[in-house]
Amino acid sequence: MNRPIIGWERETPVPDGHRFNDYLHVRGGQLHFGGVNLAQLFLTDGSAVDGPEYPGVGKALPSPLEVVYLPKIRRRIHEMQERFARVSADVDYDGAFHYAYASKANAAEEVIRTTLMAGAHHEMSSVVDVRIAHLMLDRGLLTPDRFVVCNGFKAAGTDYAAGIVGLRGRHERLVPVVESLAELPPLIEAEHAFAVGLRQKTYGPHADAAEMDVANSRFGMDEETLWRAAAYVSAAPNLRLTMYHAMVGSQLTDRREFVGRLAPAMEMYARLRQRHPTLAIFNFGGGMPAAMTQVFDFDYDAFVRDLLDAMQRTCRRYDVPVPDIMGEFGRYTTTEHGSHLFRVVTVKENRSALPWYIVNGSIMTSFPDSWALGEHFILLPLTHLDRPFQQVQLGGITCDSDDVYPPKASRSPLFLPVETEDLYIGFFGIGAYQEMLGGVRGSKHCVLPEASELIVDQDEDGHYTFELIAGQEYADVLANLGY
């Protein structure tokens, strides 16, 4: 199959009990996310969502509605931690594994809080991230054992550089990752000791370091500059070279290609380690894929095994010990926890090839990647799954011709129930980047107010908790625009 599968692709009803993936399933013609009946968020009469073990929110909620399902974040983190532990034991890998959450994927408070409480280290890239780290320190969630990896541009004189130096006064395991020589002076001149990372220009598929040198990437240093930076760090009395940082791509779904892209970076790590014995962490950056559509095939266990095997072979050739492995998991951590729910408000027949189902919100502003990149996400009805389906087109209520789904160039068909009374639908796999790209509490295209948000969590006994954050009022939108 060479096209994304975004939903149910038949005209017949969905069988009761059908599972679309590990968190979406059908019961009684309605869609469930884990243990939460999504349809009942809108149709509830105040009774339980699905029995006493799944308490409802006590009233029908407004649509559109964003749903944030925090248990999914914890599960993703723990699965990867357990996977590395299991495979490391199988291949007798001596280094540790460090799971870091890449906060740029979704910097919402509930997400950062959940990742830290689940045991993740923290990665950041801006001066506002520094303030978030201070808040997490104040609350006791950013504990002394957690690494804070500082990526992004942080040259001398920037607020970000000053913020990193200030944060080091409160947190010892802070690792600025140096992108250029211009980022070293604030660290050398600081009164604190710093563990330092170096980032090489590694983005994309490269056969060796020479190819990385000529890559067109705005991130990282070429090999010559990298060696100079390592020498400066070693000569500075308050700096210690600790981490090598490689970033080779995003959403890499071929595990062999993924590890192959990392091979030149592993060689570079081993060469650096020969000269700088304090070097101890190989950070392979991001790129870990996540399922945004129905058909997704990535063998995470095999990837981890291939990665650790390749690192062991490389280090043996250079006669250096294997490093700790760190990954920065953004999309992998948060893609599946987020969903956005709409109501179909009308069906428009205007002699188009397929009927237009119109939802009470904007697709292109809620999921900018569907418009800008032609990205696909899972789309399923919350109600009437036990009724016949038909192929349709979906449109938002803005006046923009690009506010449609599937994306214009897509070859993926969209089927939704013929019955449209109380038809609610949900986009899934949208928890990474989409809200951040679209802007939070801003005024968006065609000045539609932002939806309310329901944060769903689960305690150790399996009981659900719900927190509703009200969306924007019309006055909020007008105030943002200066009226």
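All values reported here derive from a predicted model rather than from experimental measurement.

What counts as what
Residues numbered from 1 in each chain as written. Predicted model: local features only at pLDDT ≥ 70, side-chain atom pairs only at ≥ 80, totals over all residues. Heavy atoms only, no water. Helix = DSSP H or I, 4+ residues; strand = E, 2+ residues; numbered from the N terminus. Rg over C-alpha atoms; globule rule 2.2 N^0.38 Å. Buried < 20%, exposed > 50% of the residue type's maximum accessible area, 1.4 Å probe, protein only. Contact = heavy atoms within 4.5 Å. Lys, Arg positive; Asp, Glu negative; His and termini not counted. Charge placed at Lys NZ, Arg CZ, Asp CG, Glu CD. Salt bridge = Lys/Arg side-chain N within 4 Å of Asp/Glu carboxyl O. Core = buried A, V, L, I, M, F, W, Y, C linked by side-chain atoms within 4.5 Å. Patch = residues over 30% accessible without salt bridge, like charges linked within 9 Å, V, L, I, M, F, W, Y side chains within 5 Å. Areas by Shrake-Rupley, 256 points an atom, 1.4 Å probe, with all protein chains shown as cover. Phe/Tyr/Trp six-rings, centres within 6.5 Å; stacked < 30°, edge-to-face > 60°. Lys NZ or Arg CZ within 6 Å of the ring centre and 35° of its normal. Pairing = 2+ DSSP bridges. Axes fitted to C-alpha atoms, helices over the stretch in contact; angles between N-to-C directions. Polar contact = N/O pair within 3.5 Å; in protein donor to acceptor, adjacent residues only side chain to side chain.

Caption draft 1: Region of the structure containing the overall build of the protein. Of the regular secondary structure elements, the protein holds 15 helices and 22 strands. For the protein, the C-alpha radius of gyration of 24 Å lies close to 23 Å, the compact-globule estimate for 483 residues. Overall, the C-alpha framework of the protein stretches about 70 × 50 × 45 Å when taken along its three principal axes. Per-residue burial over the protein gives 57% buried out of 483 residues. Considering only intrachain contacts with a sequence separation of at least 6, the fraction spanning at least 24 residues in the protein is 72%. Once the 44 positive and 63 negative side-chain charges of the protein are each reduced to a mean point, those two points are 3 Å apart.

Caption draft 2: Representation of the pattern of salt bridges in the model. Applying the stated criterion across every chain, the model contains 20 salt bridges. Two residues, Asp 22 and Lys 72, come together in a salt bridge whose shortest N-O distance is 3.0 Å. With Asp 22 in the segment before strand 1 (24-27) and Lys 72 in helix 2 (residues 70-91), this residue pair connects regions lying 50 residues apart in the sequence. In this structure, Arg 199 engages Glu 179 in a salt bridge whose closest nitrogen and oxygen atoms are separated by 3.2 Å. Here Glu 179 lies in the loop between strand 8 (174-178) and helix 6 (185-188) and Arg 199 lies in strand 9 (residues 194-199), a separation of 20 residues in the sequence. Taken together, the shared-partner salt bridges in this structure form one network comprising Asp 22, Lys 72, Arg 76 and Glu 336.

Caption draft 3: Seen up close, the nonpolar core. Judged by nonpolar contacts, the single largest core of 82 residues is most densely connected at Leu 198, Tyr 244, Phe 282, Phe 284 and Ile 325. Examining the composition of this core, we find that nine residues originate from one element, helix 9 (residues 255-275), more than from any other. With residues up to four places along the chain from it excluded, the contact list for Tyr 244 reads Leu 198, Gln 200, Thr 202, Leu 226, Ala 265, Met 268, Tyr 269, Leu 272, Leu 279, Ile 281, Phe 282 and Asn 283. Formed by 29 residues, the second largest nonpolar core is a distinct cluster that contains Phe 20, Leu 380, Leu 382 and Phe 415.

Caption draft 4: Structural view of a nonpolar patch on the surface. Residues Val 447, Leu 478, Leu 481 and Tyr 483 make up a contiguous nonpolar surface patch of about 450 Å² in total accessible area. By the element assignment, Leu 481 lies in the segment after helix 15 (474-480).

Caption draft 5: How the structure looks around the packing of aromatic side chains. Under the defined criterion, the tally for this structure stands at 29 aromatic pairs. Taking 6.0 Å as the distance between ring centres and 70 degrees as the angle between the ring planes, the aromatic pair formed by Phe 284 and Phe 303 counts as edge-to-face. Taken as a pair, Phe 284 in the loop between strand 11 (281-283) and helix 10 (300-318) and Phe 303 in helix 10 lie far apart in primary sequence, 19 residues in all. We note that Phe 284, like Phe 303, is buried. Aromatic side chains Phe 342 and Phe 427 sit 6.0 Å apart centroid to centroid with 85 degrees between the ring planes, which places their arrangement in the edge-to-face category. Of the two residues, Phe 342 is situated in strand 13 (residues 338-348) and Phe 427 in strand 20 (residues 424-428); the sequence distance between them amounts to 85 residues. Assessed through its relative accessible area of 0%, Phe 427 is described here as buried. Every member of this aromatic cluster is reached through a ring pair, and the members are Phe 84, Phe 97, Tyr 99, Phe 258, Phe 284, Phe 296, Phe 298, Tyr 300, Phe 303, Phe 329 and Tyr 332. Arg 173 extends its terminal NZ or CZ atom over the ring of Phe 147, reaching a point 3.8 Å from the ring centre. One residue, Arg 275, lies across the ring of Trp 227, its end atom 4.2 Å from the ring centre.

Caption draft 6: Local environment of the sheet that holds strand 7 (residues 148-150). Taken in spatial order, the eight strands line up as 5-6-7-8-9-10-11-12 and close into a barrel, and their pairing is parallel. Strand-to-strand twist across the sheet, computed as the mean angle between neighbouring axes with direction ignored, equals 30 degrees. As paired elements, strand 10 (residues 239-245) and strand 11 share three bridges and run parallel to each other. In the strand pairing of strand 11, Met 243 is matched with Ile 281.

Caption draft 7: The side chain of His 206, seen in detail. By secondary structure assignment, the location of His 206 is in the loop between strand 9 and helix 7 (209-213). Exposure remark for His 206: the relative accessible area of 14% places this residue in the buried category. Of the polar contacts made by the side chain of His 206, one reaches the backbone oxygen of Tyr 203; its length is 2.6 Å. For His 206, the contacting residues outside a window of four places in its chain are Glu 211, Met 212, Ala 215 and Pro 264.

Caption draft 8: Representation of the pairing of strand 9 within the structure. The buried fraction of strand 9 amounts to six of the six residues, a majority that puts the element mostly inside the structure. Every second residue of strand 9 is oriented toward a common face, with Phe 194, Val 196 and Leu 198 on one face and Ala 195, Gly 197 and Arg 199 on the other, all of them buried. Bridge count between strand 9 and strand 10: six bridges; the pairing is parallel. Of the residues in strand 10, the one forming a bridge with Arg 199 is His 245.

Caption draft 9: Looking closely at unusual backbone geometry. The omega angle of the peptide bond from Ser 63 to Pro 64 is 0 degrees, so this bond is cis rather than trans. Cis geometry marks the peptide bond from Tyr 405 to Pro 406, where omega comes out at 0 degrees. With respect to the helices and strands, Pro 406 occurs in the loop between strand 18 (404-405) and strand 19 (415-417). Positioned with a positive phi, Asp 92 is a non-glycine residue whose angle comes to about 60 degrees. Mapped onto the elements, Asp 92 comes out in the loop between helix 2 and strand 5 (97-102).

Caption draft 10: Molecular detail of the pairing of strand 14 (residues 356-359). Because side chains alternate across strand 14, one face comprises the buried residues Trp 356 and Ile 358, and the other comprises Tyr 357 and Val 359, equally buried. Here strand 13 runs beside strand 14; their pairing, made up of four bridges, is antiparallel. Each residue of the ladder has a partner; that of Val 347, found in strand 14, is Tyr 357. Pairing of strand 14 with strand 17 (residues 393-395), which is carried by three bridges, proceeds in the parallel orientation. Bridge pairing in strand 17 links Trp 356 to Gln 393.

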